[in-house]
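If you want the building blocks of each chain, they are given just below.
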Amino acid sequence: MSEKFPACKFSTEVLEARRAGTPIVALESTIISHGLPRPINLDVAQEVEEIVRMHGAAPATIAVLDGVVHIGLSSVQLRDIANREDIVKASSRDLAITVAKKNSAATTVAATAHLAVLSGIHTFATGGLGGVHRGANQSFDESADLTALSTLDITVVCAGVKSILDVGATLERMETLAIGLVGYRTQSFPGFYLTDSGFSLEHQVNDAKEIASILSARRVLGTNRSALIVANPVLQQMDRTLHDKVLASGLALASEQHIIGKEVTPFLLEHFHSHSDGESLRVNIEIIKSNAALAADIAVASAH
Ligand code: PSU
Ligand code: MN
């Protein structure tokens, strides 16, 4: 993506990293605006960027502000994403409309990955991917994250998919869509708040160098047209009984209140945060930090 394109701006830090050949890690913004409560969302966003720097890479938090796509945010822009009331959640399909209307939006995994690849960034850290929702055989609710990742050459570090989803169906869809999947130091697919979703993985990797060698093999074999997911489990998971209880009440409430479309995921995440006495928030924050560190290590390892 050209810097000349008026709808796109790179942060000074990203431009500098490009000049110096420093690896860059893309970071998602929906997690800041819609995934975490204020005011802690801003602290977390800043800390996550700092972790990426400490691991030798440059952070590029991606978002749209007043019709301009930003690859990397200044501290003022990061604050805007965390606090402004007019920030909506944008998936890939919303990007052009948001830009043309000069609106502002935080980008989902799908939209962030799209913009990252467009600007030459191929490593991305997030919390949990979107996937197939429970009851999708009726509602058809499947996140655009999956279809986007089936067409993008990007490595996404995440803690699996949220346990609010139909994990088994999501894994099947990932297989259909040829999205690569490895577990980081685990044989179990993580369930976001939980270290183990109950589904096992075929492939385990144990360090960033091993992931870098998979990435070069993907390029040689031409299987880099879809994403590679690195599933990194949280170390200290949420209490499982509490998790199951809050999940059940959240799903019941969502159905009772007819929550649909893009509201479903933020609704359930918020329900977790307000009904788990800080537990889901603690785990969510730990997840993003640890994924940012691993993504930076991967970006550094694959730069060599
Ligand atoms: N994971 C989190 N917090 C979030 C999300 C994921 O820990 O806020 C967001 C991501 O932006 C992801 C989106 O792309 O939820 C998926 O939404 P949907 O299910 O509507 O596609
Ligand atoms: Mn959906």
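The rules behind these values
Here, residues in each chain are numbered from 1, in the same order as that chain's written sequence. Both sets of labels track the order of writing: A upward for chains, 1 upward for ligands. It should be noted that, the model being predicted, local features are given only for residues of pLDDT at least 70 and side-chain atom pairs only at 80 or more, the latter also being counted only at that level, while totals for whole chains, interfaces and linings use all residues. Side-chain measures were taken over the full set of non-hydrogen atoms in the model, leaving aside hydrogen atoms and water. Each pair of aromatic rings taken from Phe, Tyr and Trp, with Trp reduced to its six-membered ring, is defined by centres within 6.5 Å and is described as stacked if the planes are under 30 degrees apart, edge-to-face if over 60, and tilted in the remaining cases. For the exposure calls, accessible area comes from a 1.4 Å probe over protein chains only, and a residue counts as buried if that area is under 20% of its type's maximum, exposed if over 50%, partly exposed in between. Put simply, a charge is over a ring when the Lys NZ or the Arg CZ is close to the ring centre, within 6 Å, and near the line of the ring normal, within 35 degrees. The term nonpolar core refers to a set of buried residues drawn from Ala, Val, Leu, Ile, Met, Phe, Trp, Tyr and Cys, joined through side-chain atoms within 4.5 Å. Note on conventions: DSSP H or I runs of at least 4 residues are helices, E runs of at least 2 residues are strands, and numbering of each starts at the N terminus. Two residues qualify as a contact provided that any one of their heavy atoms is within 4.5 Å of a heavy atom in the partner residue. If DSSP finds at least two bridges between two strands, the strands pair.

A.B. asks: Let's hear about the packing of aromatic side chains: which residues, and what values?
C.D. replies: What the rule picks out here adds up to two aromatic pairs. Measuring from ring centre to ring centre gives 4.8 Å for Phe 192 and Tyr 193, while their planes differ by 65°; the resulting arrangement is edge-to-face. Exposure remark for Phe 192: the relative accessible area of 3% places this residue in the buried category. Looking at Tyr 193, the relative accessible area reads 0%, which means it is buried. Each member of the aromatic cluster is reached from another via a ring pair, and the members are Phe 192, Tyr 193 and Phe 272. The residue whose ring lies beneath Arg 18 is Phe 10, and the NZ or CZ to ring-centre distance is 4.3 Å.

A.B. asks: Explain the nonpolar core residue by residue, including any values.
C.D. replies: Ile 71, Leu 149, Ile 154 and Ile 229 are the most contacted members of the largest nonpolar core, which totals 62 residues. Counting residues per element, this core draws most heavily on helix H6 (residues 109-118), which supplies six residues. Beyond its immediate stretch of four places on either side in the chain, Ile 229 contacts Leu 129, Leu 149, Val 156, Cys 158, Met 174, Ile 179, Gly 180, Leu 181 and Val 182. Grouped together as the second largest cluster of nonpolar side chains are 42 residues, Val 48, Val 52, Leu 65 and Ala 212 included.

A.B. asks: Lay out the pairing of strand S11 (residues 194-200) with the relevant residues and their values.
C.D. replies: Bridge count for strand S10 (residues 188-191) against S11 is three bridges, and the pairing is antiparallel. Bridge pairing links Ser 188 to Ser 200 in S11. The hairpin formed by S10 and S11 contains two residues between the paired strands, and Phe 192 there has a positive phi angle of roughly 60°.

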